[in-house]
Amino acid sequence: MKMIKNIHIISLSYSLFLVFSSIFAAVAAQNNPVNVGVGVVLDFDTGFGKMGLSCINMSLSDFYASHPNYTTRLLLHQRNSHTDVVLTAAAAIITNSFSILLTALDLINNVEVQAIIGPESSMQANFVISLGNKSHVPTISFSATSPSLTSIRSPYFIRAAQNDSLQVKAISALIQAFGWRQVVPIYVDNEFGEGVIPYLSDALQQFDVRIPYRAVLSSRADDDQIETELLKLMAMQTRVFIVHMLPELGTRVFERAKEIGMMDEGYVWIMTDGMFNMFSYISFGSVVENMQGALGLKPYVPSTNELEDFRVRWKRKFQQDNPGVDDVDLGVFGLWAHDAAKALAMAVEEVVTSSNESFGFQKVNSSGSSNDLERIGMSEIGLRLVEALSRTNFIGLSGRFSLLNGQLQSSTLQIVNVNGKGEKVVGYWTPENGLVRSLNSKTTMNSSYSTSNTSLGSIIWPGDSNSAPKGWEIPTSGTKLKILVPIKSGFKEFVNVTHDSSSNTNKVGGYCIDVFEAVKKALPYDIDYKYYPFAKPDGVSRAGNYNDLVNEVFLGKYDAAVGDITIRENRSLYIDFTLPFTESGVSMIVPIKDNKNKNAWVFLKPLTRDLWVTSGCFFIFIGFVVWVLEHRINEDFRGPPLHQIGTSFWFSFSTMVFTHRERVVSNLARFVVIIWCFVVLILTQSYTASLTSLLTVQQLQPTVTDVNLLLKNGDNVGYQSGSFVYGILKQLGFQDNKLRTYDTVEQLNELFHNGTANNGIAAAFDETPYMKLFLATYCSKYTMVEPTFKADGFAFVFPKDSPLARDVSRAILNVNEGGEMDKIEDRWFKKQQSCQNTSNNNVSSNSLSLESFWGLFLIAGVASSLALLIYVAMFLYEHKDIRLDSESSFWRKVLVMLRIYDQKDLSSHTFKKSGLQFSPSSPSSYSNHTEAHNVFSEQTTSSPEHGDLSPTLPLMVNQPERLN
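The sections below set out a description of the structure shown in this document.

Reading the values: rules and limits
Residues numbered from 1 in each chain as written. Predicted model: local features only at pLDDT ≥ 70, side-chain atom pairs only at ≥ 80, totals over all residues. Heavy atoms only, no water. Helix = DSSP H or I, 4+ residues; strand = E, 2+ residues; numbered from the N terminus. Buried < 20%, exposed > 50% of the residue type's maximum accessible area, 1.4 Å probe, protein only. Contact = heavy atoms within 4.5 Å. Areas by Shrake-Rupley, 256 points an atom, 1.4 Å probe, with all protein chains shown as cover. Core = buried A, V, L, I, M, F, W, Y, C linked by side-chain atoms within 4.5 Å. Pairing = 2+ DSSP bridges. Axes fitted to C-alpha atoms, helices over the stretch in contact; angles between N-to-C directions. 1 Å grid on protein atoms, 1.4 Å probe; cavity = no way out; pocket = protein on both sides within 12 Å on 5 of 7 lines; lining within 4 Å. Points joined across faces, edges and corners; volume = space filled by probe spheres on them. Nonpolar A, V, L, I, M, F, W, Y, C, P; charged D, E, K, R; others polar.

A short note on the overall build of the protein chain
Here is step 1 of the chain: If you tally the helices and strands in the protein chain, you get 32 helices and 31 strands.
Here is step 2 of the chain: Considering the protein chain as a whole, with its 964 residues, one finds that 49% of them fall into the buried category.
Here is step 3 of the chain: Summarising the internal contacts of the protein chain: among those between residues at least 6 apart in sequence, 72% fall at separations of at least 24.
Here is step 4 of the chain: Only carbon and sulfur atoms are counted for the fraction: they give 54% of the accessible area of the protein chain, which is about 47,300 Å².

A few points about the nonpolar core
Here is step 1 of the chain: Of all hydrophobic cores here, the largest spans 67 residues; its most connected members are Phe581 and Phe796.
Here is step 2 of the chain: Filtering out sequence-adjacent residues up to four positions away, Phe581 remains in contact with Tyr511, Cys512, Val515, Gly563, Phe794, Ala795, Phe796, Ile812 and Met821.
Here is step 3 of the chain: By size, the runner-up hydrophobic cluster in this structure holds 57 residues, among which are Val40, Phe44, Cys55 and Leu397.

Description of the side chain of Ser802
Here is step 1 of the chain: If you trace the backbone, Ser802 turns up in the loop between strand S31 (797-799) and helix H25 (803-818).
Here is step 2 of the chain: Among the residues examined, Ser802 registers a relative accessible area of 7% and is labelled buried.
Here is step 3 of the chain: Not counting residues within four places of it along the chain, the set of residues in contact with Ser802 comprises Gln182, Gln237 and Asp576.

A word on the sheet that holds strand S18 (residues 434-436)
Here is step 1 of the chain: Read across the sheet, eight strands follow the order S7-S6-S8-S9-S10-S16-S17-S18 without closing on themselves; strand pairing throughout is mixed. Each edge of the open sheet is held by one strand with a lone partner, namely strand S7 (215-217) and S18. Across the sheet, the mean angle from the axis of one strand to that of its neighbour is 25°, orientation sign disregarded.

Considering empty space enclosed by the protein
Here is step 1 of the chain: A full pass over the atoms with the stated rule returns six cavities of 30 Å³ or more.
Here is step 2 of the chain: The space that makes up the largest cavity amounts to roughly 160 Å³.
Here is step 3 of the chain: Residue lining of the largest cavity: 17 residues in total, with Lys488, Tyr546, Gln720, Ser721 and Tyr770 positioned closest to the centre.
Here is step 4 of the chain: When grouped by side-chain class, the residues that make up the lining of the largest cavity number four nonpolar, seven polar and six charged.
Here is step 5 of the chain: Split into classes, the residues belonging to the lining of the second largest cavity amount to five nonpolar, two polar and one charged.

Purely geometric numbers; function is a separate question.
Structure, rendered in structure tokens:
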């Protein structure tokens, strides 16, 4: 027992020893922490560099104050990178870049830092990253945002800031929200400016937004150079500009833009976060007057108590450390610097305390070389430090700090509007929901990705305008739009260019020109333009075909083309067409001949063969149905078989001319005849009208109706000179020696008059508007026949992605709906008086087909079949005693039923009414009595098979006496 107590005492003593040992170790570690060298390369001569350094210092002080048990401390080694890396001369660029490289080499080789924070610019970071990759020293930048740094793909480069490429999606969503189709980026010609442009181009291209021009400015551009570039932009149509540069240059761009009138109504200015983020470190209030109405992007930083407390403490400390600097505010770069320092401190603690290895540098055997690059060492913990940083995840002052592929994850962006003396938040952009009005979780939780401007608040645009600019304008510099028009030797009703050689001027007119003039008046703004004929130097001969004319617009020599220009797929690859202003199609025109029917069989023409056959079958069927319904009760449908067949056919066919004289006494038969007479009435009236048309109206029929027949006969065909119809004819199989061209309606008429035998044509192919004009002149000699090949009609031509094309298309719709287009057509294509009442443009058959009458036949067939079924059912029910006889065979029952059906139904009222009485003196009565007696005697003969039916016979024999 005593031994057990001793063991417990020893165990307790050992536990207390371990606790106190750890406490002493912690105290010792706090008093003597492990210092890990970290280089800080910033421009301490600027407010930005001073702000970054103060945020890093405060971050480490706050972090270690809240974590006193940490065994490591970051020891900062500051190096001044001096002002602006990019100077005016290439030699200065190399010299300054080499200075940054020497600074980093000094920190790595001589100080042996384990990480470098900075440098602040993307140009400087490019050199430091390569050096860090060679030495395995992580480079952490909180301000180098250019996407071009990602292409280096160094695992030792940590971007503790948002990549500029992440904001291009927000910019494209903003562009799409207002429907702007063209934008011009204005950027500085260095790595910071150029790095984002490929990403911006790709993002805009997804929404079919075009970048017609890129304005590139030197970082040292003077005011004259800036103004020259802005005047060039002012002379273009595009009015949407994306500014991506630092504020030192950007503020001067806006100053010059305001002076020359580019901050007036109609302009759109969008600033990337590169400018808005840096406004915290310059006097923003002094330049805000020049930016009224501009939009901008900046990272969204959630407002927290911790952030507000830090902001107050930082402002106080910054003013203490920098008493002469009073125009610097804490911006998002300062918050990223704070969070980057904290993340590095956490990663260093994790790496150092989890490994017993040293964290010095492995020296490289340089063979006595004095070159610093050759004798650079490699950090022993660099790779593990990078891995620890990639695992770091916490809520910092700037929001969630999480690294993926070595860079800070994208977050929400604010969309701000420069208004008054500051900026106003008009919305947000999130990767999940796109444009949103607010970040209320209830409204954005289930919403889809939005690119609608209704998701934004009210915006004050340049010029204090409340309405969104359309994004483009016709330049007001006095330059007129150059509009190309075709030269035509024929069909001048469409486009007619008259050249005055004495004054060397041109007069342009025609249907297409009048349409364009009407469309121009329907535009919501005025445009100034001048027509230029597509002619050779003589001003009369055309300079090429329509493909050549369209190509002139594609090459940028002209601003538009107006005329009878057909929309074609191959042309639309290079230029934009408006909506068509004429009907479409390529038609075939052939001569017509009088085909008045004078042959002996013309009476068969009104009905097609299937209608004739169907009508004949129904005549027979109706005759059969009436005979079945009337045979037992009507003397007109009785007698010898041939007589009955003839009567049935006679009755049925006589209904065609309503001359039937047989009485119909059955109600079912009357129902059938009424329906059938109605059908016959419709058929006869239609037949009469069609036959009259065939015999009296002039039948102008085409000489040929099939393209294949033209090919088979080897006929010549024509097309208009320079037309795309040539390609269609070649595809159909016509050889060049069978093709003839024409330029005027007179030439086309002459080719038809000559015919194929005299080097003329048998048919012509051209677009429908031309063919209608031709038919208006020669309506009595030619006709338009099928097939009609597809084409999209005439339209106006504009350069690719021209915003003017969309407005002109809308104006075409307005002109069409307003009736102005009909007036223009009447003015140019009004037919001659002799042609106004002629309607032979489309050839169709005059014969009536079954498709027009199948409903009538269906009604007659259903009614007749229904009457027949009712009669059969009543007959079988009346003689059910025979049908239910179980001792007779089926065929015996059928035979008995047929014999009964063949006899008169003497109980019918028709025989009573007709006076058919049984009298010994009446021959007919005697005949009927004898006939009935013989039939029933035969039916009632006793037989073992059928039994004795004689009890019914006395009734029948005595019936005449009862009737008398």
